[in-house]
Amino acid sequence: MKIEKRLEELGIELPLPATPVANYVTTVQTGNLVFTSGHGPGTGEGKIYKSQLGTDASVDDGYASARQVALGLISTLKHALGDLDRIKRVVKVVGFINSSADFTDQPAVLNGASDLFVEVFGDKGKHARSAVGMVQLPGGIPVEIEMIVEIED
Amino acid sequence: MKIEKRLEELGIELPLPATPVANYVTTVQTGNLVFTSGHGPGTGEGKIYKSQLGTDASVDDGYASARQVALGLISTLKHALGDLDRIKRVVKVVGFINSSADFTDQPAVLNGASDLFVEVFGDKGKHARSAVGMVQLPGGIPVEIEMIVEIED
Amino acid sequence: MKIEKRLEELGIELPLPATPVANYVTTVQTGNLVFTSGHGPGTGEGKIYKSQLGTDASVDDGYASARQVALGLISTLKHALGDLDRIKRVVKVVGFINSSADFTDQPAVLNGASDLFVEVFGDKGKHARSAVGMVQLPGGIPVEIEMIVEIED
């Protein structure tokens, strides 16, 4: 339970795992790969949930939101895998950033997730990623993130 | 041919498989995974093909369109695999929804595909997914969907 | 070194590989698959880098830009794999096209990448792909592309 310990050291408490409300699931494992559904920042208190970068959310707001989404993804993976130590590598992260027509700093927003993955998983957390600008997202959330992780045999 | 029988029971007739018009193909298999190209709703009759959610397409229109796209994907997979029973699991579905600046119900639109996959494939049809809002799509289609399926050894 | 030779025959000189400026990497290998980060057209001279299809970039501009991005991806893969002959198949390509509200020719833009992959890799370069329209992209680039390749055992 090294990763659990690391989360404790970092003072991180995971949110509840996501619960799908339709005919899909939050993760699917195929071979050694686990694909997640796109996650949003959830419904905790005091956070910016409905907002858009370049309109009413700053890069700092977006960074915080991406970090929140990443915490939710880790929670979902913990729920699916039982033990986060089973994660061998964060393979790929796609960050869909709710963007105004002239917002071009999607990477700085997605860093909120990338930085967390490396804080928590170390070198195993270093991933390939794409950051792109969306005209809108479900429920008006500022950030949606999906990921692929590789797990131990 | 269980899935074929299931399609019959549901009264579903598959459209023709997609035919690429450039230097790409509709599916690529790698190991046990099959990746599809992004599919649109095709060119059948009486459907809304060029439209945008929040502009001139309702959520119901979008749902119907996503279902139509999903039928096309199943047709493409049948063409590629020979037998749909070879599908072990629908792994991942990404729904790119053509959205106005204030349309935030992408998940309800993508349900048109998710519901169909579960109707046709049962538990094997339960997938991870992401639903996101696009400023525009090829040919002005309302919905584009790509997917990954796992096949039997 | 067949692919290197092919690049020479085509008179293609690869740009420098991408260098991430945050907590992510340009490629991750998992099993026989290599996932790349999203790449943009880089910072060479005389190219259109900050532009949008349907606003201030033509389809030809976009095609040239997608080809430039694809060259960067090949350079990144060469850097990661040592030898491009290790590539068994280009599996999947996603083209995120910076699009005005009414630009609908994303596929013609992405052909700049698809055509190059087939020129360079032949049948191994034939991939599944998705082309979609983004409201904005990092740094205002016209095209961002991510890909998955399968490598030899």
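Okay, so let's go over this structure. (Residues numbered from 1 in each chain as written. Chains lettered and ligands numbered in written order. Predicted model: local features only at pLDDT ≥ 70, side-chain atom pairs only at ≥ 80, totals over all residues. Heavy atoms only, no water.)

### Re the relation of the copies chain A and chain B
- Between chain A and chain B, which share one sequence, the superposing operator has a rotation angle of 120° and an axial displacement of 0.0 Å; the RMSD is 0.0 Å. Put plainly, the chains are arranged around a three-fold axis. Proximity to the rotation axis, assessed at the C-alpha, singles out Val 135 of chain A in chain A; its C-alpha lies 3.0 Å from the axis.
- The two copies present different faces, since only 8% of the interface residues in chain A are matched by interface residues at the equivalent positions in chain B. (Least-squares fit on C-alpha atoms with pLDDT ≥ 70 in both. Contact = heavy atoms within 4.5 Å.)

### Some details on the sheet that holds strand E2 (residues 33-36) of chain A
Residue and element names in this part refer to chain A.
- Read across the open sheet, the 5 strands follow the order E1-E2-E5-E3-E4; overall the sheet is mixed. The open sheet has two free edges, formed respectively by strand E1 (27-30) and strand E4 (128-134), since each of these has just one partner strand. In this sheet, adjacent strand axes meet at a mean angle of 15° when their direction is disregarded.
- Sheet analysis places E2 next to strand E5 (residues 143-151), joined by 3 bridges and oriented antiparallel. Among the inter-strand pairings, Val 34 is bridged to a residue of E5, identified as Val 149.
- Set on the sheet, helix H2 (residues 59-81) makes contact with E1, E2, strand E3 (87-98) and E5; between it and E5 the angle comes to about 40°.
- Of the strands in this sheet, E3, E4 and E5 are in contact with helix H3 (residues 106-121), which crosses E4 at around 150°. (Pairing = 2+ DSSP bridges. Helix = DSSP H or I, 4+ residues; strand = E, 2+ residues; numbered from the N terminus. Axes fitted to C-alpha atoms, helices over the stretch in contact; angles between N-to-C directions.)

### Looking at H2 of chain A
- With 23 residues, H2 of chain A should cover 33 Å at 1.5 Å per step; its first-to-last C-alpha distance of 32 Å lies within 8% of that length.
- Looking at the residues trailing H2 of chain A, positive phi occurs at Gly 82 of chain A, about 85°. (Expected span 1.5 Å × (residues − 1).)

### Overview of the pattern of salt bridges
Residue and element names in this part refer to chain B.
- Summed over the entire model, instances satisfying the criterion amount to 18 salt bridges over all chains.
- Here Glu 119 makes a salt bridge to Arg 67, at a shortest N to O gap of 3.1 Å. Linking Glu 119 in helix H3 (residues 106-121) with Arg 67 in helix H2 (residues 59-81), this pair joins segments that are 52 residues apart in sequence.
- Of the residues examined, Arg 67 reaches a relative accessible area of 24% and is grouped as partly exposed.
- A salt bridge links Lys 88 to Glu 150; its shortest N-O distance comes to 3.6 Å. Linking Lys 88 in strand E3 (residues 87-98) with Glu 150 in strand E5 (residues 143-151), this pair joins segments that are 62 residues apart in sequence. (Salt bridge = Lys/Arg side-chain N within 4 Å of Asp/Glu carboxyl O. Buried < 20%, exposed > 50% of the residue type's maximum accessible area, 1.4 Å probe, protein only.)

### Section: the relation of the copies chain C and chain B
- With an axial shift of 0.0 Å and an RMSD of 0.0 Å, the rotation relating chain C to chain B amounts to 120°.
- Different-surface contact between copies: only 7% of interface residues of chain C are shared with the interface of chain B.

### Quick look at the interface of chain C and chain B
- At the junction of the two partners, chain C supplies 30 residues and chain B supplies 24 residues.
- Summed over both partners, the interface of chain C with chain B buries about 2000 Å², with 61% contributed by carbon and sulfur atoms.
- Counting across the interface, chain C meets chain B through 1 salt bridge.
- At the junction of chain C and chain B, the tally comes to 13 residue pairs in polar contact (both at pLDDT 80 or more). (Buried area = accessible area lost by both parts, 1.4 Å probe. Polar contact = N/O pair within 3.5 Å; in protein donor to acceptor, adjacent residues only side chain to side chain.)

### Quick word on the interface of chain A and chain B
- Every contact between the two is made by 24 residues of chain A and, on the other side, 30 residues of chain B.
- Of the roughly 2000 Å² buried between chain A and chain B on both sides combined, carbon and sulfur atoms contribute 61%.
- Where chain A packs against chain B, one counts 1 salt bridge.
- Among the salt bridges present, the one from Lys 92 of chain B reaches Glu 146 of chain A, with a minimum N-O distance of 2.5 Å.
- Linking chain A with chain B are 13 residue pairs in polar contact (both at pLDDT 80 or more).
- Contributing elements (two or more residues each) for the side of chain A that touches chain B: E1, E2 and E5 of chain A.
- Top contributing element to the side of chain A that touches chain B by residue count: E1 of chain A, with 4 residues.
- Looking at the side of chain A that touches chain B, its residues break down into 10 nonpolar, 12 polar and 2 charged. (Nonpolar A, V, L, I, M, F, W, Y, C, P; charged D, E, K, R; others polar.)

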